[in-house]
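Listed here are the chains, written in short residue letters.
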Amino acid sequence: MTILVTGGAGFIGANFVLDWLKAGGEPVVNLDKLTYAGNMENLASLKGNNAHTFVQGDIGDAGLVEKLFAEHAPRAVINFAAESHVDRSIHAPEDFIQTNVVGTFRLLQAARGYFDALGDADKQKFRFLHVSTDEVYGSLEPTDPAFSETKRYEPNSPYSASKAASDHLVRAYHHTYKLPVLTTNCSNNYGPYQFPEKLIPLVIHNALAGKDLPIYGDGQQIRDWLYVGDHCSAIRAVLERGRLGEVYNIGGNNERANLDTVKTLCAILDRLRPRKDGKSYAAQMVFVKDRPGHDRRYAIDARKIAAECGWRPAETPDSGFEKTVAWYLNNEAWTKHVTSGDYRNWVAKQYA
Ligand code: NAD
Ligand code: TYD
């Protein structure tokens, strides 16, 4: 048996594939378009590993996806492929609709055709796991309860709206066509191989480069941060033990205001790689113009996945941040490669 992973050259997908194969999971067929966010360097340690087959292509390419189902007969699909950055979705929403909505639709169509033709035993085993985000639920007030799986969808950015649309399609393919789907809605991830357009790797990269650490608005927006390895273990738990058609929220019990997150990262850097002038990296923090429609607070109620799938995060906030800073300090060549070329155009446009 094999599993089909989409978007497996991106941040979370690559971590998932590496962890999966390390744990002795079935061979992986990895379909990734290699957009700016996809990077074969993330998968360099799998070179020569027969358990990993990489295919460059688009989840929206119906012919290609059908061919992959026919050739590899996967027992599961894990759909990570997406345009994933809120700020990019504000500048240029079209790609988000194409990949997150149309692409997911085409993948579901191909999965449905494949599933319908399976024998009963294989039908029992097949799963389509869709990886989504807590951002579909909208924004919380300070005293609101954390997002549960029954929270009304209120997406506020083109990114979250496109992910919400994909979640609805996945749900509909279960109810209408009996496709055995699972959906996970996870909070903000951080860890190795995250593209430095997102807050945590951006702050580490800019700090070391002597650049400004940009804080949007007043920096009091709250995010729940989860170490990427814990997201991957949650997906494995849902794949194994999740009930068909169900949604599982995944979170780290680690709500923090952005300003506190940046200060924490600066304190870790001050310890592990002190600035030559003896000052703290916090001196590089700069308040910049806020993101339009910026969600104020996300928080996750992860009781359902704990009760039904027996999952809990392994990292504490302190251990996860420390590990992550150490990874970026030990892998400066990786950051150097991904921040060459087009990355500079993005930074110039976003932080102008
Ligand atoms: P990422 O942007 O780092 O990676 C996305 C990957 O998908 C890239 O490798 C890219 O090349 C690939 N891709 C894009 N369009 C494609 C297409 N049309 N066909 C095939 N491949 C395509 O994103 P990420 O942070 O790893 O997120 C992965 C998934 O997890 C996304 O669905 C995202 O919505 C979800 N998610 C992310 C977070 C987070 O904090 N990063 C939190 C919750 C959920
Ligand atoms: P981000 O990593 O883009 O994730 P998301 O928007 O999906 O939550 O941003 C995390 C938080 O950090 C979010 O509230 C926006 C904020 N932020 C900044 O303050 N400065 C920055 O330069 C970036 C990229 C994000």
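Anyway, here's the lowdown on the structure attached to this text. The numbers attached to residues start from 1 for each chain and follow its sequence in the written order. As they are written, the chains are lettered A onward and the ligands numbered 1 onward, keeping that order. Reporting of local features is limited, given that this is a predicted model, to residues whose pLDDT is at least 70; pairs of side-chain atoms are given and counted only at 80 or more, and all residues count toward the totals for whole chains, interfaces and linings. Excluded from the side-chain calculation are hydrogens and water; included are all heavy atoms of the structure.

### Some words on the overall build of the protein
Going by this rule: Runs of H or I in DSSP of at least four residues are treated as helices and runs of E of at least two as strands, each being numbered from the N terminus. Residue burial is assigned from relative accessible area. The probe radius is 1.4 Å, only protein chains are included, and a residue is buried under 20% of its type maximum, exposed over 50%, and partly exposed in between. We call two residues in contact when some of their heavy atoms are within 4.5 Å. Here the open area of atoms and residues is found with the Shrake-Rupley method and a 1.4 Å probe, where only the protein chains shown may cover a residue. Charge assignment: positive for Lys and Arg, negative for Asp and Glu; neither His nor the chain ends contribute. Throughout, a charge is located at the NZ atom of Lys, the CZ atom of Arg, the CG atom of Asp or the CD atom of Glu.
Scanning the protein for helices and strands turns up 13 helices and twelve strands. With the C-alpha coordinates of the protein rotated into their principal frame, the extents come out at 65 × 50 × 40 Å. Across the 352 residues of the protein, 54% fall into the buried class. By sequence separation, contacts in the protein at least 24 residues apart represent 81% of the contacts at least 6 residues apart. As displayed, the protein has an accessible area near 15200 Å², and 51% of this comes from carbon and sulfur atoms. Side-chain charges of the protein comprise 40 positive and 42 negative groups, with the mean position of each set lying 2 Å from the other.

### A few points about the nonpolar core
To be explicit about the condition: Only buried Ala, Val, Leu, Ile, Met, Phe, Trp, Tyr and Cys residues count toward a nonpolar core, and they belong to the same one when joined by side-chain atoms within 4.5 Å.
Ile 3, Val 5, Phe 16, Ile 78, Leu 129 and Ile 305 are the most contacted members of the largest nonpolar core, which has 63 residues in total. Once residues lying within four places of it in the same chain are set aside, the contact partners of Phe 16 are Ile 3, Val 5, Ile 78, Phe 80, Cys 232, Ile 235 and Arg 236. By size, the runner-up hydrophobic cluster in this structure holds 24 residues, among which are Ala 81, Leu 108, Leu 118 and Val 181.

### Here's the deal with the site of ligand 1
Using the following cut-off: Whether a residue is near a molecule or strand is decided by its heavy atoms; if any one of them lies within 4 Å of it, the residue is near. Two N or O atoms form a polar contact when they lie within 3.5 Å of each other; inside protein one atom must be a possible hydrogen donor and the other a possible acceptor, and for residues adjacent in sequence the pair counts only when both atoms belong to side chains.
Among the 28 residues in the neighbourhood of ligand 1, the closest are listed as Ile 12, Asp 32, Ser 84, Tyr 159 and Lys 163. Residue Ile 12 places a main-chain N or O atom 2.7 Å away from an oxygen atom belonging to ligand 1. The separation between a nitrogen atom of ligand 1 and a polar side-chain atom of Asp 58 is 2.9 Å. Protein burial of ligand 1: of its 840 Å² of free accessible surface, 97% is covered by the chains. When residues of the shell around ligand 1 are traced back to their parent elements, those giving at least two are helix H1 (11-22), strand E5 (127-133), helix H6 (158-177) and strand E7 (188-190).

### Quick notes on the pairing of strand E8 (residues 213-216)
Successive residues of a regular strand alternate their side chains across the two faces of the sheet. The cut-off we apply is this: Pairing between two strands requires that DSSP report at least two bridges joining them.
In E8, alternate side chains face the same way, and those of Leu 213 and Ile 215 on one face and Pro 214 and Tyr 216 on the other are all buried. Note that E8 and strand E12 (residues 285-288) share four bridges and pair parallel. When the sheet's bridge partners are listed, Pro 214 is paired in E12 with Val 286.

### Let's talk about the environment of Leu 269
Within the secondary structure, Leu 269 is located in helix H9 (residues 258-272). Among the residues examined, Leu 269 registers a relative accessible area of 0% and is labelled buried. Placed twelve residues apart in sequence, Leu 269 and Tyr 281 show a C-alpha to C-alpha distance of 7.3 Å.

### Some details on the pattern of salt bridges
Which entries qualify depends on this criterion: Every case where a carboxyl oxygen of Asp or Glu lies within 4 Å of a side-chain nitrogen of Lys or Arg is listed as a salt bridge.
As enumerated under the stated definition, the model contains 21 salt bridges in all. Here Arg 297 makes a salt bridge to Glu 255, at a shortest N to O gap of 2.8 Å. Here Glu 255 lies in strand E11 (residues 255-257) and Arg 297 lies in the loop between E12 and helix H10 (303-309), a separation of 42 residues in the sequence. Assessed through its relative accessible area of 40%, Glu 255 is described here as partly exposed. Note that Arg 303 is salt-bridged to Asp 301, the shortest N-O span being 2.7 Å. The exposure class of Arg 303 is exposed, given its relative accessible area of 63%.

### Observations concerning the sheet that holds E11
What counts, and what does not: Under this scheme, a helix contributes an axis fitted over its contacting stretch, all axes are lines through C-alpha atoms, and angles between N-to-C directions fall in the 0 to 180 degree range.
Spatial ordering of the open sheet is given by E7-E9-E11, a layout of three strands whose pairing is mixed. Both edges of this open sheet fall to E7 and E11, since each of them pairs with a single strand only. Between one strand axis and the next, the sheet turns by 50° as a mean value, whatever way the strands run. With three bridges joining them, E7 and strand E9 (residues 222-227) adopt parallel strand pairing. Pairing of Asn 188 across the sheet is with Trp 225, part of E9.

### Here we look at the sheet that holds strand E6 (residues 181-186)
Ordered in space as E3-E2-E1-E4-E5-E6-E10, the seven strands form an open sheet in which the pairing is parallel. Both outer strands of the open sheet, strand E3 (52-56) and strand E10 (247-250), are each paired with one neighbouring strand and no more. Strand-to-strand twist in this sheet, taken as the mean axis angle between neighbours without regard to direction, amounts to 20°. Two elements, strand E4 (residues 74-79) and E5, share four bridges in a ladder whose sense is parallel. Within E5, the residue paired with Asn 79 across the bridge is His 130. Contacting E5 and E6, H6 runs over the sheet at an angle of about 155° to E5.

### A few points about H1
We count it as follows: In this scheme, a helix's expected span is set at 1.5 Å multiplied by one less than its residue total.
Over its twelve residues, H1 extends 17 Å from the first C-alpha to the last, a length consistent with the 16 Å expected when each residue adds 1.5 Å. Among the twelve residues that make up H1, nine are buried, leaving the element largely enclosed by the rest of the structure. Among the structural elements, strand E1 (2-6), strand E2 (28-32), E3, E4, E7 and helix H8 (228-241) are those in contact with the buried residues of H1. Gly 24 sits one or two positions beyond H1 and adopts a positive phi of about 80°.

All quantities given are derived from atomic positions and should not be read as evidence of function.
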